[in-house]
Each structure stands twice: as structure tokens, then as C-alpha cells.
Amino acid sequence: MGVLNLTFRLRFRSLAAAVAALALLTPASFGNAEPVLLHFRSVHSLILVDAKVNGVPATLLLDTGANNTIINAKLYGDVQAPQLELARKGPGIVGHALRLRVDLEIAGRFLFSQPVSVMNLGDLPQHVGAQFDGLLGQDILRQFRSVRINYRAHVIELEK
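Draft legend 1. View of the overall build of the chain. Counting its regular elements, the chain contains 5 helices and 11 strands. Going through the 160 residues of the chain one by one, you find that 31% of them count as buried. Here the analysis covers contacts within the chain between residues at least 6 apart in sequence; of these, 59% occur between residues at least 24 apart. Entry remark: accessible area of the chain is about 10,500 Å², with carbon and sulfur atoms responsible for 57%.

Encoded structure:
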């Protein structure tokens, strides 16, 4: 019985040491991590950010109301994507899209094989008065714990 008791105590001490070590690595210790700074420019009160889609420079319109990030079919390449439609009731766009994967680079950070919606945006950029290649939606923004827009500094702060 003494050997079993000793083995139990050693395992318990090892477990206690592991728990103590993990306590040092709690999210509070990562709280000092600097946010990712995504610079933007504003055109007609719209927020535009620079990105790369599959290595190709792109401008994305920040759209916190869009469930999914949408990439214009022209930017994606040789693909037959459905045409979008402006919503008849309320703001927004509607339509069918292809769900494809892209490598997305934002603020020097890579999101590999990111699922996005690919649509033919048609004349939407002209309609809203700004040139852009897609919409940066909630699916990307939700990957961060916090998203803050600093209008004075023209920066979106993304915290993991």
C-alpha cells in the first residue's frame, strides 16, 4: 500500500505543477499582446482597407452588416459567378454566390484557405461611389476577440 500511496503523491504533485504552469499561461498573460492594426481610408463615409486575395492587391469595403466576406468574381479569376441584386426592401445586396477558398492577407497577416463568397459585383462600386473589389464581412471579423475602429488614426484595431 505504501508504494501505491507514493505513486499517487508523485502523480498528484506532477499534476499540481502542470496546473500551476498552465495558470501562468492564462489569457490574462496574453492580454498585453498588441492588436493588429489595419489602416483604412474613408471615401464618402465608407471604410476601405487594403488586402491581398490570392496574392493580388485588392481593396475591401468594411461591411459589419455582411455575414460573409464577398470577393468580386473579376478579382478571383476565371469563374462564372452569379450577378448580385440590390435588395428591394431595405439596404443590402442579395443573390447567389459561389463559396470558394482564398488566401487572404490583411495588415500583413495571412488567413490561408479562407472560405469566402464569390459574386459578380457588377456596378455596385459605382452605385455606392467608391472603387472596391469586395466586402470584408463578419466571418473574418469574428475571428478576432475585439474590433475597434479608431476614426482619428484611420486604423481598425483587431485583437486576437
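Next comes the rest of the description.
Draft legend 2. A look at the packing of aromatic side chains. This model, assessed by the stated rule, comprises 2 aromatic pairs. With 6.2 Å between their ring centres and 80 degrees between their planes, Phe40 and Tyr151 make a pair best called edge-to-face. Remark: Tyr151 occurs in the loop between β10 (146–150) and β11 (155–159) and Phe40 occurs in strand β1 (residues 36–43); sequence separation between them is 111 residues. Given the relative accessible area of 54%, Tyr151 is considered exposed. Ring plane angle 5 degrees and centroid distance 5.5 Å describe the contact between Phe110 and Phe112, whose orientation is recorded as stacked. Look at Phe112 and you get exposed, because its relative accessible area is 60%.

Draft legend 3. Summary view of the pattern of salt bridges. Within the structure shown, the criterion is met by 5 salt bridges. One salt bridge connects Glu159 with Arg145, and the closest N-O pair in it is separated by 2.4 Å. Placement of Glu159 in strand β11 and of Arg145 in the loop between α5 (138–141) and β10 is noted, with a sequence separation of 14 residues between them. A residue is classified by how much of its surface remains accessible, and Glu159, at 14% relative accessible area, is buried. With a closest N to O distance of 2.6 Å, Glu159 and Arg148 form a salt bridge. With Glu159 in strand β11 and Arg148 in strand β10, this residue pair connects regions lying 11 residues apart in the sequence. On the basis of relative accessibility, which here comes to 34%, the residue Arg148 falls in the partly exposed class. Taken together, the shared-partner salt bridges in this structure form one network comprising Arg145, Arg148, Glu157 and Glu159.

Cut-offs applied
Here the residue index of a chain counts from 1 through its sequence in written order. Local features are withheld for residues below a pLDDT of 70 in this predicted model, meaning they are given only at 70 or higher, and side-chain atom pairs are given and counted only at 80 or more; totals for whole chains, interfaces and linings count all residues. The side-chain figures draw on all heavy atoms in the structure; neither hydrogens nor water molecules are used. A run of DSSP states H or I qualifies as a helix once it reaches four residues; a run of E qualifies as a strand once it reaches two. Both are numbered from the N-terminal end. The rule is simple: take the accessible area with a 1.4 Å probe, protein chains only, and divide by the maximum for that residue type; under 20% is buried, over 50% is exposed, in between is partly exposed. Residue contacts are defined here by distance: any two heavy atoms, one from each residue, within 4.5 Å place the two residues in contact. The Shrake-Rupley method, run with a 1.4 Å probe sphere, supplies the accessible areas, and residue values consider only the shown protein chains as cover. Any two of the Phe, Tyr and Trp rings considered here, Trp counted by its six-membered ring, make a pair once their centres fall within 6.5 Å; the pair's planes then place it as stacked at under 30 degrees, edge-to-face at over 60, or tilted in between. Throughout this description, the term salt bridge denotes a Lys or Arg side-chain nitrogen within 4 Å of a carboxyl oxygen of Asp or Glu.

Any functional reading would require information beyond the geometric quantities listed.
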